[in-house]
Amino acid sequence: MSRRSLTLLIASLGTAAAIAVAVLVPVPYVILGPGPTLNTLGKDSSGQPLITITGHPSYPTNGHLNMVTVSYQGCQGNQFNIFTALVAWLNPHEAVVPEGEICPAGQTQKQTQEQDTQQMTSSQQTATAAALTALHIPYTTEVVVVQAEAGYPAYGVLKPGDVITAVDGKPVTSQASLTRLIYAHPAGSTLTVTITRDGQTSDVQVGTKESGGHPVMGVQVEEQYKFPFTVKFSVGDIGGPSAGMMFALGIIDKLTKYDLTAGRFIAGTGEIEASGKVDPIGGIQQKMVGARDAGATIFLTPAANCADTKGAVPAGLRLVKVSTLNQAITYLEALKTGGSVPSC
């Protein structure tokens, strides 16, 4: 075989090997694209209202207050090759991001979806709390133990499901208040923690130790709410926390005579806190595309996400910048009368 033929053979084999690697070896990225959008004032595919309120008067609604979502491809068990990534990168409606931004190391897409489902459930409860806070309807907040960390004083003393109601006789009304009460004593202190376990109230002694420069008991907690009536959601297998603000607005529209939409197609996104603060989310560009494709003309945008919208706003979509739930209500009321509202 001539030297030239040998060189061509080696080059061909190398090229074939490179192509095979590119096709067969997955890349550590996730593709984000526009996902489904659902009207919080409407019904799901089975005809069930997305938001059902029982035990409290509600009012007819019209128009759209749509939650928006992002679809994604990637993570363990659903990976793709470099060619798929390049096609997505060239698509202006999709984004290619490092896998670690969506799926923690070693976590499968199924595990990520399960986590998203839990976040959705939590966001629905927080959205209900935010809506009732905005309407000045009282409810109660419980601080519930998720787990106690091994190697910390709370381990073996506090158990999952315990409701922490007081520390040293001072009421615990939120996760933040629990933190303040723990921080009020130096590390190494012993606190009297009042808990409710299996319906029985008791006091237990829990020590603290320093971690990250602060005294801690070593317990993970979450806030759970008790509402004076029932709010039920039906969104199928959609997950994540970013529909919180739109859920809250849907609840408010149903509980009042506000008519927030005036018949318009409004969409939006934003994680919500019980206080009504609207937090930023991911995938804002894909969510705007999904909203506009569905017919939205107004898009409620978390203020902290405004920088992410530059140069990516679809034609015909007006952004309204919001930082709190009360602002969103105020701006929607202003839009009905042609008033000015802040934009990104």
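Bear in mind that the values here come from a model prediction, so they are computed numbers and not experimental data.

Q: Just to check I follow, could you spell out helix α6 (residues 284-294) for this structure?
A: For the α-helix, the turn length of 3.6 residues means that residues three or four positions removed from each other point alike. Within the sequence span of α6, burial applies to I284, Q286, K287, M288, V289, G290 and A291. At the exit of α6 stands G295, carrying a positive phi of roughly 120°.

Q: What should I look at first to understand the layout of surface pockets in this one?
A: As a volume, the second largest pocket reaches approximately 660 Å³. Forming the walls of the second largest pocket are 23 residues, and the residues nearest its centre are S122, T126, E222, E223 and Y225. Elements supplying a minimum of two residues to the lining of the second largest pocket: α3 (109-134), α4 (175-183), β12 (219-226) and β15 (271-272). If you tally residues by element for the lining of the second largest pocket, the top one is α3, at seven residues.

Q: Where do I start with helix α5 (residues 244-255) in this structure?
A: Here α5 spans 17 Å end to end across twelve residues, near enough to the 16 Å set by a 1.5 Å rise per residue. Of all twelve residues that make up α5, twelve are buried, and the element is covered over most of its length. Here α5 has its buried residues at G244, M245, M246, F247, A248, L249, G250, I251, I252, D253, K254 and L255.

Q: Quick question: what am I supposed to make of the pattern of salt bridges here?
A: It is possible for side chains of opposite charge to pair when their charged atoms get near one another. Summed over all chains, the structure comprises four salt bridges. Residue D279 is joined to K277 by a salt bridge in which the shortest nitrogen-to-oxygen separation is 2.6 Å. Classification of K277 by relative accessible area gives partly exposed; the value is 41%. When the shortest N-O distance is used, the salt bridge between K336 and E333 registers 3.2 Å. Of this pair, K336 and E333 both sit in helix α7 (residues 325-336), three residues apart, which is roughly one turn of that helix. Under the relative-accessibility criterion, E333 is labelled partly exposed at 30%.

Q: Explain the nonpolar core to me, please; I cannot follow it from the model alone.
A: Within soluble globular proteins, side chains that are nonpolar tend to cluster in buried spots. Core analysis: the biggest nonpolar cluster contains 42 residues, and M245, F247, L249, L300 and L325 have the highest contact counts within it. For this core, the secondary structure elements donating two or more residues are β2 (51-54), β3 (64-73), α3, β13 (230-233), α5, β17 (298-302), β18 (318-322) and α7. In terms of residues, this core owes the most to one element, α5, which gives eight residues. Not counting the four nearest positions on each side in its chain, F247 is found in contact with T40, I51, M67, M120, S123, Q124, A127, F233 and V235. Counting residues in each nonpolar core, the second largest holds 19 residues, with L158, I182, I195 and V204 among its members.

Q: Explain the side chain of T128 here, please?
A: Within the fold, T128 resides in helix α3. Taking relative accessible area as the criterion, T128 reaches 1% and is therefore assigned buried.

Q: Quick question: what am I supposed to make of the packing of α5 against α7 here?
A: Helix packing for two helices is described by the angle between their axes and how far apart those axes are. With their axes 11 Å apart at the nearest point, α5 and α7 run at an angle of 60° to one another. Viewed along their axes, α5 and α7 adopt a mutual orientation that is oblique. As for how α5 packs across α7, the hand of that crossing is right-handed. On the side of α5, the interface is formed by M245, A248, L249 and I252, while α7 contributes L325, A328, I329 and L332. Here the residues of the contact of α5 with α7 are counted per class, giving eight nonpolar, no polar and no charged.

Q: Just to check I follow, could you spell out the state of the cysteines for this structure?
A: Each disulfide is one covalent bond, formed between the sulfur atoms of two cysteines. Summed over all chains, the structure comprises one disulfide. Here C306 pairs with C344 through a disulfide, and the sulfurs are 1.9 Å apart. Across the S-S bond linking C306 and C344, the dihedral sits near -55°, which makes this disulfide left-handed. Note that C306 is positioned in the loop between β17 and β18 and C344 in the segment after α7, a separation of 38 residues in sequence. Residue classification places C344 among the partly exposed residues on the basis of a relative accessible area of 27%.

Q: What am I meant to see in unusual backbone geometry here?
A: Most peptide bonds are trans, and most residues other than glycine sit at a negative phi. Phi at H136 takes a positive value of approximately 60°, unusual for a residue other than glycine. For H136, the location among the structural elements is in the loop between α3 and β5 (140-148). One non-glycine residue, D259, lies in the positive phi region at around 50°. Along the chain, D259 falls in the loop between α5 and β14 (265-268). With a relative accessible area of 28%, D259 lands in the partly exposed category.

Q: I'm lost on the side chain of N39 in this one. Help?
A: By secondary structure assignment, the location of N39 is in strand β1 (residues 29-39). Residue classification places N39 among the buried residues on the basis of a relative accessible area of 13%. Among the polar contacts made by the side chain of N39, one reaches the main-chain amide nitrogen of L41 at a distance of 3.1 Å. Here the side chain of N39 touches G63 through a polar contact of 3.1 Å, landing on its backbone oxygen.

About the criteria used
Residues numbered from 1 in each chain as written. Predicted model: local features only at pLDDT ≥ 70, side-chain atom pairs only at ≥ 80, totals over all residues. Heavy atoms only, no water. Buried < 20%, exposed > 50% of the residue type's maximum accessible area, 1.4 Å probe, protein only. Helix = DSSP H or I, 4+ residues; strand = E, 2+ residues; numbered from the N terminus. 1 Å grid on protein atoms, 1.4 Å probe; cavity = no way out; pocket = protein on both sides within 12 Å on 5 of 7 lines; lining within 4 Å. Points joined across faces, edges and corners; volume = space filled by probe spheres on them. Expected span 1.5 Å × (residues − 1). Salt bridge = Lys/Arg side-chain N within 4 Å of Asp/Glu carboxyl O. Core = buried A, V, L, I, M, F, W, Y, C linked by side-chain atoms within 4.5 Å. Contact = heavy atoms within 4.5 Å. Axes fitted to C-alpha atoms, helices over the stretch in contact; angles between N-to-C directions. Parallel < 35°, antiparallel > 145°, perpendicular 65-115°, else oblique. Left-handed = near helix turned anticlockwise from the far one by under 90°. Nonpolar A, V, L, I, M, F, W, Y, C, P; charged D, E, K, R; others polar. Disulfide = S-S within 2.5 Å. Polar contact = N/O pair within 3.5 Å; in protein donor to acceptor, adjacent residues only side chain to side chain.

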